[in-house]
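Tertiary structure, described
Okay, here's what each chain looks like letter by letter:
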Amino acid sequence: MLDRKYIVENAAAVKQNCANRGVEADVDRLVALEAKRRDLLNQVQELNRQANEVSKGIGKAKDAEEREAHKEAGRTLREEKERVQSEHDELDKEITTLQSGIPNLSHPDAPIGEDDKSNLEIRTGQHAPPEFDFTPLDHVDLAEKLDLIDFEGGARVAGAGFYFLKNDAVLLELALTQYALQMLIGEGFTPVTTPDLAYTEILHGTGYIPRGPETQIYSIENSNLNLVATAEITIGGLLAGQTVDAEELPLKICGSSHCFRTEAGAAGRASRGLYRVHQFTKVEMFAFTLPDQSEAMLDHFCELECRIFDGLGIPYRVVDTATGDLGGPAYRKFDLEAWMPGRGDGGEYGEVTSTSNCTDFQARRLNIRFRRKGEKGTQFVHTLNGTALAISRALIAVLENNQQADGSINVPEALRPWMGKDKIGLP
RNA sequence: GGAUGGGUGGCCGAGUGGUCGAAGGCGGCAGUCUUGAAAACUGCUGUACUCGUAAGGGUACCCUGGGUUCGAAUCCCAGCCCAUCCGCCA
């Protein structure tokens, strides 16, 4: 959420930003309503002040008659205050709704464009896409041959989009998790495993909208809980309502969680197999920083993602995400797209990680502040998130890029210590 | 699931319907003393919003939401959360 005062004082810039991001938001109405709301707020405060004064005078009243007169005056003032207050509260609610619809500001260097076609490639990985002297299979066929994934079983139990990992795929998931966590711990992250459910307010705070018609979130009936779509939600919520000392920042946390997504309306070839599923495991990076640390932290996160995929020997490119493709909370976002030989005709890049600097957009909603020693008041922290490894999509890249002519899969060097083998062979 | 006890400032912890933004302690900051430090002593020390160029006013906030009252941290109702014990259980 952007700051109200900021929106009012920079309405033109905010409107331009909405246009760049392809977001419809009635900024003018917000500005008008906010002026009115302020006026009402002042009235409420003045009425309260008068009522307080009257109440204080009651003890000093010299006789019963005067006391009664004071009481009556107090009653009238409080009633009037109630009236103005409820008018104010209604406006406040509407403004908050408008405000929630306004996306974060955008980094001046973020490419301007309405969708991912405007994303700008900014770097590529150490490894070039592999040349096969045979026709490579996609991960669904590979998994079938090697008995690694049971999609039918998943569908039987929970419907399309669910799956059982099987045999060496299970070890691969654990190996990938270990590989990522070990690297991040080495980089000073505090590892956590997080709840897989979170309160609706926490989802809202991080910019997710559960329980709407277009929601991507599973909710638990008769409760205020939702299955999380990413550990970003729970780790961000970890400090909700807290004020931390500036010296404690930046705080780097990495978490492993399950991720649940309804993926309403998504189907087709591009989401075959593991690419778009309702549940997967993900190792997530998260940081709470001082405002002047967040840009460097975003580069750091991007760097780590590259290191993780270079370490796995997977070819990739990194794109600077266009304004229209940023999503609400992100100020700037880098996506890492891995080469998937089985995707499309002859291979395509597919998004495997995403790292965003959300500046104070999430922190404002979550009310996460920091205090500098010796300074009055508090400020909002900046939050950043980045995928270290989304296991399901990483599996696609690992399986497809490392397939051999004989149908086996070479286990990437970096995973061998955790896998206990260097080849996934035919059963 | 059952029973009980709780939710008060950065933390601990008191609080009789008005003088309570809230005792006291701890912590923090500044000062006195000291060669320096510690100790001791003295003073200061919440947040947000709002009015004001400023100095400085004002309003709100004692888990949340309602209610009673001229007036609620305090009384009433509902809810949420936490802790402990019992039961069940990985």
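Parameters at a glance
Residues numbered from 1 in each chain as written. Chains lettered and ligands numbered in written order. Predicted model: local features only at pLDDT ≥ 70, side-chain atom pairs only at ≥ 80, totals over all residues. Heavy atoms only, no water. Pairing = 2+ DSSP bridges. Helix = DSSP H or I, 4+ residues; strand = E, 2+ residues; numbered from the N terminus. Buried < 20%, exposed > 50% of the residue type's maximum accessible area, 1.4 Å probe, protein only. Core = buried A, V, L, I, M, F, W, Y, C linked by side-chain atoms within 4.5 Å. Contact = heavy atoms within 4.5 Å. Axes fitted to C-alpha atoms, helices over the stretch in contact; angles between N-to-C directions. Parallel < 35°, antiparallel > 145°, perpendicular 65-115°, else oblique. Left-handed = near helix turned anticlockwise from the far one by under 90°. Nonpolar A, V, L, I, M, F, W, Y, C, P; charged D, E, K, R; others polar. Near = heavy atom within 4 Å. Polar contact = N/O pair within 3.5 Å; in protein donor to acceptor, adjacent residues only side chain to side chain. pLDDT = per-residue confidence, 0-100. Phe/Tyr/Trp six-rings, centres within 6.5 Å; stacked < 30°, edge-to-face > 60°. Lys NZ or Arg CZ within 6 Å of the ring centre and 35° of its normal.

So, about the sheet that holds strand 7 (residues 243–245). With respect to topology, three strands assemble into an open sheet ordered 7-13-14, the strand pairing being mixed. A strand with exactly one partner marks an edge of an open sheet, and here the two such strands are strand 7 and strand 14 (379–380).

This next bit is on the pairing of strand 10 (residues 316–320). Judged by how many residues are buried, strand 10 sits mostly within the fold: four of five residues are covered. For strand 1 (residues 120–124) and strand 10, the ladder comprises four bridges, and the chain directions are antiparallel. Among the inter-strand pairings, Thr124 is bridged to a residue of strand 10, identified as Arg317. As paired elements, strand 10 and strand 11 (residues 332–340) share five bridges and run antiparallel to each other. Directly across from Val319, in strand 11, lies its bridge partner Asp335.

Right, let's talk about the pairing of strand 11 for a bit. For strand 11, the tally of buried residues reaches nine of nine residues, placing the bulk of the element in the interior. The alternating pattern of strand 11 places Arg332, Phe334, Leu336, Ala338 and Met340 on one face and Lys333, Asp335, Glu337 and Trp339 on the opposite face, and all of these are buried. The pairing of strand 11 with strand 12 (residues 348–357) spans nine bridges and is antiparallel. Within strand 12, the residue paired with Glu337 across the bridge is Glu351.

Before going further, it helps to examine the nonpolar core. If you look at the biggest cluster of nonpolar residues, it comprises 59 residues, and the most contacted ones within it are Leu176, Leu389 and Leu415. Of all the elements, helix 7 (residues 168–186) adds the most residues to this core, at nine residues. Every residue in contact with Leu176, bar those within four places of it in the chain, is listed here: Leu312, Leu389, Ile391, Ala394, Leu395, Val398 and Leu415. Leu2, Val27, Leu40 and Leu77 belong to the second-largest nonpolar core, a separate cluster that totals 20 residues.

Attention now goes to the packing of helix 3 (residues 27–58) against helix 4 (residues 64–100). Where helix 3 meets helix 4, the closest approach of the two axes is 8 Å, and the angle between their N-to-C directions is 160 degrees. When the interaxial angle is binned, helix 3 and helix 4 end up roughly antiparallel. In the packing of helix 3 onto helix 4, the handedness of the crossing is left-handed. Taken together, the residues of the contact of helix 3 with helix 4 sort by class into 15 nonpolar, ten polar and twelve charged.

Right, let's get into the protein's contact with RNA strand B. Around RNA strand B, the surrounding shell holds 20 residues, and the nearest of these are Arg38, Asn42, Ile58, Arg75 and Thr378. Backbone atoms, meaning sugar and phosphate, form 80% of the atoms of RNA strand B found within 4 Å of the protein. Interatomic distance of 3.2 Å between a side-chain N/O atom of Gln45 and a base nitrogen of RNA strand B. Among the elements that take part in the surface near RNA strand B, helix 3 stands out by supplying nine residues, more than any other. By residue class, the composition of the surface near RNA strand B is three nonpolar, eight polar and nine charged.

This part covers the environment of Asp360. Turning to its location among the elements, Asp360 is positioned in the loop between strand 12 and helix 11 (361–366). In this structure the C-alpha to C-alpha distance between Asp360 and Leu2, which are 358 residues apart in sequence, comes to 8.0 Å. With near-sequence residues (within four places) excluded, Asp360 lies in contact with Met1, Phe380, Val381 and His382.

A separate point is the confidence of the model for chain A. When pLDDT is low, close inspection of the predicted coordinates is not appropriate. Mean pLDDT for chain A: 91, with 97% of residues reaching 70 or above. Ranking the helices and strands of chain A by mean pLDDT puts helix 10 (residues 294–311) first, with 97, and strand 7 last, with 85. Among the prediction metrics, the complex's ipTM stands at 0.83, with pTM recorded as 0.92.

This part is about the packing of aromatic side chains. Following the criterion strictly, the structure yields five aromatic pairs and no others. Considering the side-chain rings of Trp339 and Tyr349, the 5.1 Å spacing of their centres and the 70 degrees angle between planes classify their relative orientation as edge-to-face. Of this pair, Trp339 sits in strand 11 while Tyr349 sits in strand 12, and the two are ten residues apart along the sequence. On the basis of relative accessible area, Tyr349 is assigned to the partly exposed category, the value being 25%. Over the ring of Tyr275 we find Arg343; its NZ or CZ atom is 3.9 Å from the centre of that ring. For Arg393, the ring lying beneath its charged end belongs to Tyr275, and the centroid distance is 3.7 Å.

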